[in-house]
Amino acid sequence: MELPTVNLKVAAGGAARRGGRGGRRCPRQMILLVHWLLTVWGCITFSGPYPWANFTVLAVGVWAVAQRDSIDAISLFLGGLAATVFLDIVHLSVFYQRTGFSDTQRFGAGMAILSLLLKPLSCCFVYHMYRERGGFLGPSQERSDYQTIESPEVPADPFVGSEGRGHSPQGY
């Protein structure tokens, strides 16, 4: 059984203590932790589709943290966060009662609203991570290996037929 090699070099700024990545993993984990905690507290008041949507997106977020190089994982997490912003607005507007809440239910509703308010900021952070991994939203600017079968010569006047190029028309 071989033991793994250990690098004992100390990087400037203490990056070695933070996992050698300059602490970049911490915001991802903090986004997940904060939204998980707020979703758990929001589930005190709201049940049904609210926990299903939010916990599913958080599960995709765990995948995005675990697969550091995957553009698919982070793009699904970004899309899921954006979708839950809309879904949370719908869910809160339909199921929020103005009266009849106990203190615990008001706390849960407040945490669900706080989670909703923090999601656009989280989307900005996740989009930044998406761009760091090489993702790009918009038309692709890469050249493909596809070559057209058209001739490289382009006629000066595309409406000129073979008659104008020195060919005689064929009669039938």
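Here, residues in each chain are numbered from 1, in the same order as that chain's written sequence. Local features in this predicted model are restricted to residues whose pLDDT is 70 or higher, and side-chain atom pairs enter the listing and the counts only when it is 80 or higher, whereas totals over whole chains, interfaces and linings include all residues. Side-chain measures were taken over the full set of non-hydrogen atoms in the model, leaving aside hydrogen atoms and water.

Trainee: Break down the environment of isoleucine 31 for me, citing the residues and quoting the values.
Mentor: Examined against the element boundaries, isoleucine 31 turns out to sit in helix 1 (residues 25–42). A residue is classified by how much of its surface remains accessible, and isoleucine 31, at 8% relative accessible area, is buried. Residues isoleucine 31 and leucine 121, spaced 90 residues apart in sequence, show a C-alpha to C-alpha distance of 9.6 Å. To qualify as a helix, a DSSP run of H or I must reach at least 4 residues; to qualify as a strand, a run of E must reach at least 2; elements of each kind are numbered from the N terminus. Residue exposure (1.4 Å probe, protein chains only): buried if accessible area is under 20% of the type maximum, exposed if over 50%, otherwise partly exposed.

Trainee: Requested: an account of the packing of aromatic side chains, with residues and values cited.
Mentor: Note on ring pairs: Phe, Tyr and Trp rings are taken, using the six-membered ring of Trp, and paired if centres are within 6.5 Å. Classes follow the plane angle, with under 30 degrees stacked, over 60 edge-to-face and the rest tilted. If you walk through the whole model with that rule in mind, you get four aromatic pairs. Consider the rings of phenylalanine 46 and tyrosine 50, whose centres lie 5.9 Å apart with planes at 55°: the pair is tilted. Ring geometry for tyrosine 127 against tyrosine 130: centres 6.2 Å apart, planes inclined by 35°, an arrangement best described as tilted. In this pair, tyrosine 127 and tyrosine 130 are both assigned in helix 4 (residues 103–132), three residues apart and thus about one turn of the helix distant. Judged by its relative accessible area of 30%, tyrosine 127 is partly exposed.

Trainee: Quick one: what's the story with the pattern of salt bridges, residue by residue and with numbers?
Mentor: When a carboxyl oxygen of Asp or Glu lies within 4 Å of a side-chain nitrogen of Lys or Arg, that pair is called a salt bridge. For the structure on display, the rule yields two salt bridges. With a closest N to O distance of 2.6 Å, lysine 119 and aspartate 88 form a salt bridge. In this pair, lysine 119 sits in helix 4 while aspartate 88 sits in helix 3 (residues 71–95), placing the two residues 31 residues apart along the sequence. Overall, the relative accessible area of 1% leaves aspartate 88 in the buried class.

Trainee: Account for empty space enclosed by the protein, naming residues and giving values.
Mentor: With a 1 Å grid laid over protein atoms only, a set of points is called a cavity when a 1.4 Å probe fits there but cannot get out and a pocket when it is open yet has protein on both sides within 12 Å along at least five of seven lines; lining residues have an atom within 4 Å of a point. Grid points are joined across faces, edges and corners, and a volume is the space filled by probe spheres set on the points. With the rule as written, the count across this model stands at two cavities of 30 Å³ or more. Space inside the largest cavity adds up to approximately 60 Å³. Considering the residues around the largest cavity, the lining is formed by Arg28, Ile31, Leu32, Gly61, Ala64, Val65, Ile74, Phe77, Val126 and Met129. Put simply, the parts of the chain that give the lining of the largest cavity at least two residues each are helix 1, helix 2 (49–66), helix 3 and helix 4. Polarity classes work like this: nonpolar for Ala, Val, Leu, Ile, Met, Phe, Trp, Tyr, Cys and Pro, charged for Asp, Glu, Lys and Arg, and polar for all others, with Gly in that last group. A class-by-class count of the residues in the lining of the largest cavity yields eight nonpolar, one polar and one charged. Taken as a whole, the second largest cavity holds about 30 Å³ of empty space. Taken together, His35, Thr39, Asn54, Val57, Leu58, Leu81, Thr84 and Lys119 make up the lining of the second largest cavity. At the level of elements, helix 1, helix 2 and helix 3 are the ones that each hand at least two residues to the lining of the second largest cavity. No other element matches helix 2, which puts three residues into the lining of the second largest cavity. By residue class, the composition of the lining of the second largest cavity is three nonpolar, four polar and one charged.

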